[in-house]
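Architecture and fold: a report
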Amino acid sequence: MIQVERLTKRYGNHFAIEDLSFTVEEGKIYGLLGPNGAGKSTTMNIITGYISATSGTVAVDGHDILEEPSAARACIGYLPEIPPLYMDMTPREYLNFAGELKGMKKAARKEQIQRVMDRTGITEMADRLIKHLSKGYKQRVGLAGALMGSPKVIILDEPTVGLDPAQVIGIRELIRDLGRTHTVILSSHILSEVQAVCDQVLIISAGHLAAQGTPEELSERLSGKSALNITALGDLEKVRSIVESVGQIGKILEAHEQNGETSLKVEIPAGRDLRAELSAALAGAGCPVTALATETLSLEDIFLQLTEGETAAGQPEAEKEPEANEQGEEKEE
């Protein structure tokens, strides 16, 4: 659906992104992760045609963003971190305006306005002024605007920033629903959010693609070992001895005994499932297993591994990516 090849954006001597390549497949939710200044916003702005790249290409549904900008942009619905809303309009008026900008005919606009309002849960607020709506509803209005014109791709930049917990849950559920009918790219600093809603993760570090895959694939790729948590009836020395006798068991990472029950955390090779073998060995020695579970790297662990040292090696942490003005021209701070 989206093909990014060797994308580079330079501001003077600073590279916001450099030689960045990745593919976004149709019908999946992608999480775009990276520290501040890693190049996430620059990447999204180039994909949407908001700013131009120094070099490299972006194709959206087969349309090159430079050679066929109108066709490429028609495939994309974009919700910036701060939705570009007109506060003295009602949601209905704003969506009609958004549809007009996208070249939709009047009859088609009316039908689609009702459909996107129903889908984003703002129908009851349709005729209230946007300035009187909560931040959560304003975010939904912005998302409804991105859906006008039935784009194939929805790009969301930090869609839950500033929302209360109930609003965050609502927006996450809405994103999951959108993933059933659209390709979604979600930029977020909230790792649990990406892990909760995304099928694929793209991690950008210092302007480069550090990793791409499902959270599970990234965990397996980055860790040569995983861990197994075991709880069994019996004293510590006996349970430990039995576990250590099983082949391919690594070092004991944690061990403690309480009320006649022993809990161990042991290192095992990644991709190996030793649960059945361990369970049989412990049960055969009179130490029944009460809990046995494999532990993998969390998305937070992966993120920290891949971006470790970026601030020292790349741009300073406080430095922000250059913004763009309303005409799409970059400006330096």
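What comes next concerns the included structure.

Reading the values: rules and limits
Residues numbered from 1 in each chain as written. Predicted model: local features only at pLDDT ≥ 70, side-chain atom pairs only at ≥ 80, totals over all residues. Heavy atoms only, no water. Core = buried A, V, L, I, M, F, W, Y, C linked by side-chain atoms within 4.5 Å. Buried < 20%, exposed > 50% of the residue type's maximum accessible area, 1.4 Å probe, protein only. Helix = DSSP H or I, 4+ residues; strand = E, 2+ residues; numbered from the N terminus. Contact = heavy atoms within 4.5 Å. Expected span 1.5 Å × (residues − 1). Arc of directions from axis to C-beta. Salt bridge = Lys/Arg side-chain N within 4 Å of Asp/Glu carboxyl O. Axes fitted to C-alpha atoms, helices over the stretch in contact; angles between N-to-C directions. Parallel < 35°, antiparallel > 145°, perpendicular 65-115°, else oblique. Left-handed = near helix turned anticlockwise from the far one by under 90°. Nonpolar A, V, L, I, M, F, W, Y, C, P; charged D, E, K, R; others polar.

Counting residues in hydrophobic clusters, the biggest one holds 40 residues, and the most contacted among them are L95, L156 and I175. For this core, the element with the most residues is helix 6 (residues 165–178), which contributes 5 residues. Once residues lying within four places of it in the same chain are set aside, the contact partners of I175 are I29, L156, P159, V184, L186 and V197. Counting 28 residues, the second-largest nonpolar core is a separate cluster that includes L20, I47, I65 and I185.

A word on helix 4 (residues 106–120). Between the first and last C-alpha of helix 4 there are 21 Å, a value that for 15 residues agrees with the 21 Å anticipated at 1.5 Å per step. Looking at helix 4, one finds that the buried residues are R109, Q112, I113, V116, M117 and T120. Projected down its long axis, helix 4 carries its buried residues within an arc of 135°, all on one side. Exposed and facing more than 90 degrees away from the buried side of helix 4 are A107, K110 and E111. In this structure, the buried side of helix 4 is in contact with helix 3 (91–101), helix 5 (135–147) and helix 6. Phi turns positive one or two residues past the end of helix 4, at G121, with a value near 75°.

In this section: the pattern of salt bridges. Where charged atoms of side chains with opposite charge meet at close range, the side chains can pair. All told, the structure shown has 11 salt bridges when counted by the stated rule. Between R6 and D19 there is a salt bridge; the shortest N-O distance is 2.8 Å. Taken together, the residues R6 in strand 1 (residues 2–11) and D19 in strand 2 (residues 14–24) connect sequence positions 13 residues apart. R6 sits in the exposed class, given a relative accessible area of 57%.

To continue, consider the packing of helix 5 against helix 6. Put simply, helix 5 and helix 6 touch, their axes get as near as 10 Å, and they point 15° apart. Taken together, the axes of helix 5 and helix 6 lie roughly parallel to each other. The way helix 5 lies across helix 6 gives a crossing that is right-handed. Every residue of helix 6 that contacts helix 5 at G136, Q139, R140, L143 and L147 is listed here: Q167, G170, I171, L174 and L178. Of the residues that constitute the contact of helix 5 with helix 6, the class distribution is 5 nonpolar, 4 polar and 1 charged.

A few words on the side chain of T214. Tracing the backbone through its elements, the reader meets T214 in the loop between strand 10 (208–213) and helix 8 (215–222). In this structure T214 comes out as buried when scored by relative accessible area, which is 16%. Each residue touching T214, except ones within four places of it in the same chain, is listed here: D199 and Q200.

Another aspect to go through is unusual backbone geometry. Negative phi is the rule for most residues except glycine; trans is the rule for most peptide bonds. A positive phi angle is found at D61, which is not glycine, with a value near 55°. Its location among the elements puts D61 in the loop between strand 4 (55–60) and strand 5 (63–64). Overall, the relative accessible area of 30% leaves D61 in the partly exposed class. Within the chain, Q248 stands out as a residue other than glycine whose phi angle is a positive 75°. Checked against the element boundaries, Q248 lands in the loop between helix 9 (236–245) and strand 12 (252–258). Judged by its relative accessible area of 42%, Q248 is partly exposed.

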